[in-house]
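Structure assessment
Given next are the chains, with one letter for each unit.
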Amino acid sequence: MPNYRELLQQVKGEIDEVDAAQARALLDGADPPVLVDVREQDEWDEGHIPSAVHVPRGFLESRIEQAAPDRSRQVVVYCAGGNRSAFAAKTLKELGYENVVSLAGGYTDWKRNGLPTQLPRSLDAAKRQRYSRHLLIPEVGEEGQLRLLDSRVLLIGAGGLGSPASLYLAAAGVGRLGIVDDDRVDATNLQRQIAHSTATLGDWKADSARATIEALNPDVEVVTYKERLTSENVDRILADGWDVIVDGADNFPTRYLVNDASVFHDIPVVHGSIYRFEGQVTVFKPHEGPCYRCLFPTPPPPELAPSCAEGGVLGVLPGIIGSLQANETLKLALGIGDSLAGRLLLFDALAAEFSEVTLRRDPKCPVCGEHPTITEYIDYVEFCSGRPAHA
Ligand SMILES: [Zn+2]
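Given the structure is predicted, the values throughout are model-derived calculations rather than measurements. (Residues numbered from 1 in each chain as written. Predicted model: local features only at pLDDT ≥ 70, side-chain atom pairs only at ≥ 80, totals over all residues. Heavy atoms only, no water.)

1. Quick notes on the packing of helix H10 (residues 162–172) against helix H11 (residues 205–216)
For the record, the criterion: Only C-alpha atoms enter the line fits that serve as axes; for helices the fit covers just the stretch in contact. Angles between N-to-C directions range over 0 to 180 degrees. Under the scheme used here, helices are H or I runs from DSSP no shorter than 4 residues and strands are E runs no shorter than 2 residues, and both carry numbers assigned from the N terminus. Comment on the angle field: the value is read as roughly parallel under 35 degrees, roughly antiparallel over 145, roughly perpendicular from 65 to 115, and oblique elsewhere. We call a crossing left-handed when the near helix sits turned anticlockwise from the far one by less than a right angle, and right-handed when that turn is clockwise. Note on definitions: a residue-residue contact is assigned when non-hydrogen atoms from the two residues lie within 4.5 Å. Just so you know the grouping, Ala, Val, Leu, Ile, Met, Phe, Trp, Tyr, Cys and Pro go in nonpolar, Asp, Glu, Lys and Arg go in charged, and all remaining residues, Gly too, go in polar.
With their axes 9 Å apart at the nearest point, H10 and H11 run at an angle of 30° to one another. When the interaxial angle is binned, H10 and H11 end up roughly parallel. As H10 packs across H11, the resulting crossing turns out to be right-handed. Taking contact as the criterion, the partners of Ser166, Leu167, Ala170 and Ala171 in H10 are, on H11, Thr212, Ile213 and Leu216. Residues belonging to the contact of H10 with H11 are distributed by class as follows: five nonpolar, two polar and no charged.

This is the structure we're talking about:
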């Protein structure tokens, strides 16, 4: 029977090794390998090589397929000093991995060479407690919560839809919320716009909503834009970096503008609209699903498109639709579930009925179609006024 030294010697003779500089070159290459850290949890917690996946040696056989499903792709394994990873490399070869190398000298040598390392991120005790009901869901968990805290969501409007959407996104721990709204809180808003209160009458809605959000969750950074979204400012606002746009606009020029901008900037839009007892919600995912213009190439004539201000709305309806928008937004941020892209969800509050309409991309769509004719912002007010937008 060989002793440990002899066995190690024998295994090292059967596998391939790279040094830290070679490993770095592979990782920086055009076709980087899967990098597997086979150390124990406490070692991993003290730092690891960026882009590594953690599969402790004891779980290698059972978990490697999840980390590296493609057996033909190169795998680099490492441990602290290069011995455990040598055994791991042999095991991976036996499991059918075609191209496995072990990092000689391991993490210790990598660090000694001054190569980059990374500390794993985790939630502190206060965040673990605040988001404990998320941590309990396997589909969210700590990783998902960290993703939410890294997410940036821009809300167009802090009114009926923006209120519930922003509050639920803030409560869920979406780390950055932008609010575009140029209105002030007035008494007619308070029947439904729950981010505001009697005490904030007369304040900018963006400020009023920010105060409510900050009181709810100090983890959330709120960025306010007290201006109406226009062709002139939209690129500047989107340049601040947003993962998802929640469209709670109550007018057609803004909807078309948000749509065109989202296609130009490739940002998904969670769209909602409400009128009296009826609400609609869908997701416009640029180039993956239809956009707003695929559905409505032209706006309705103004006389057939009354707003809530003109037609009224049941106070709770925006709460329902705005919450559905928050739901879609959280799913997009987490990368889970089936989004409403390609589906328009309709809600009838009087009948208490949901129904769904399938939406398709229009290959002739002027913005997201095969040969787009609208490639820059237009005059949206004119476009929606019933007069031809182009002379
Ligand atoms: Zn389209």
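2. Some thoughts on the packing of helix H9 (residues 141–150) against helix H16 (residues 317–334)
Orientation of H9 relative to H16, taken along the N-to-C sense of each, is 110°, at an axis distance of 9 Å. By the angle class used here, H9 and H16 are roughly perpendicular. Side by side, H9 and H16 meet where Gly144, Arg147 and Leu148 of the first sit next to Leu330, Ala333 and Leu334 of the second. Taken together, the residues of the contact of H9 with H16 break down into four nonpolar, one polar and one charged.

3. A word on the state of the cysteines
Our working rule: Disulfides are defined as cysteine sulfur pairs within 2.5 Å. Relative accessible area decides the class of each residue, using a 1.4 Å probe on protein chains only: under 20% of the type maximum gives buried, over 50% gives exposed, and in between gives partly exposed.
Throughout the structure, instances matching the rule amount to zero disulfides. Not part of a disulfide, Cys384 finds its nearest cysteine sulfur in Cys291, a span of 14 Å. Note on Cys384: relative accessible area 9%, which makes it buried.

4. Digging into helix H13 (residues 252–265)
Heads up, the condition is: In this scheme, a helix's expected span is set at 1.5 Å multiplied by one less than its residue total.
In this model, H13 (14 residues) spans 20 Å end to end at C-alpha, consistent with the 20 Å of a helix rising 1.5 Å per residue. Judged by how many residues are buried, H13 sits mostly within the fold: 10 of 14 residues are covered. Along H13, the residues that are buried comprise Thr254, Arg255, Tyr256, Leu257, Val258, Asn259, Asp260, Ala261, Ser262 and Val263. Summarising the contacts, the buried residues of H13 are in contact with strand E6 (152–156), helix H12 (234–238), strand E9 (244–247), strand E10 (269–275), helix H14 (292–295) and helix H17 (380–383). Looking one or two residues beyond H13, the residue adopting positive phi is Asp266, at roughly 60°.

5. Quick word on the pattern of salt bridges
Filter applied, for reference: Note on definitions: salt bridges are taken to be side-chain nitrogens of Lys or Arg within 4 Å of carboxyl oxygens of Asp or Glu.
Applying the stated criterion across every chain, the model contains 24 salt bridges. One salt bridge connects Arg128 with Glu142, and the closest N-O pair in it is separated by 2.8 Å. Residue Arg128 is located in helix H7 (residues 125–130), and its partner Glu142 is located in helix H9; the two are separated by 14 residues in the primary sequence. According to the relative accessible area criterion, Arg128 is partly exposed, its value standing at 38%. Note that Glu356 and Arg343 form a salt bridge whose closest N and O atoms lie 3.2 Å from each other.

6. Notes on the nonpolar core
Here is the rule: Take the buried residues of types Ala, Val, Leu, Ile, Met, Phe, Trp, Tyr and Cys, join any two whose side-chain atoms come within 4.5 Å, and each joined set is a nonpolar core.
Ranked by size, the top nonpolar core spans 37 residues in total, and within it Leu169, Leu177, Ile179 and Ile213 carry the most contacts. Excluding anything up to four places from it in sequence, Leu169 contacts Val153, Leu155, Val174, Leu177, Val246, Ala326, Thr329 and Leu330.

7. Some words on the sheet that holds strand E12 (residues 343–348)
Heads up, the condition is: Strand pairing follows a simple DSSP-based rule, namely that at least 2 bridges must link the two strands.
Strand order in the open sheet made by the eight strands is E8-E7-E6-E9-E10-E11-E12-E13, with mixed pairing throughout. Looking at strand neighbours, the two that pair on one side only are strand E8 (221–225) and strand E13 (353–358), the edges of this open sheet. Mean inter-strand twist for the sheet, computed between neighbouring axes without regard to direction, equals 15°. Bridge analysis of strand E11 (residues 278–284) against E12 gives four bridges, and the strand direction is antiparallel. Along E12, the bridge assignment pairs Glu278 with Asp348. Against the sheet, H10 touches E6, strand E7 (176–180) and E9, its axis set at about 165° to E6.

8. Considering helix H5 (residues 84–94)
Among the residues making up H5, those that are buried are Ser85, Ala86, Phe87, Ala88, Ala89, Thr91 and Leu92. Structurally, H5 contributes buried residues whose contacts are with helix H1 (4–14), helix H4 (60–67), strand E4 (75–78) and strand E5 (100–103). Note on H5: the residue one or two positions beyond its end, Gly96, has a positive phi of about 100°.

9. Considerations on the pairing of E8
Let me state the cut-off plainly: By convention, orient the strands away from the viewer: a clockwise path from the first strand over the helix to the second makes the crossover right-handed.
Along E8, four of the five residues are buried, which leaves the element largely enclosed by surrounding structure. Across five bridges, the pairing between E7 and E8 is parallel. Bridged to Leu177 within E8 is Val222. For the crossover that starts at E7, traverses H11 and ends in the parallel E8, the hand is right-handed.

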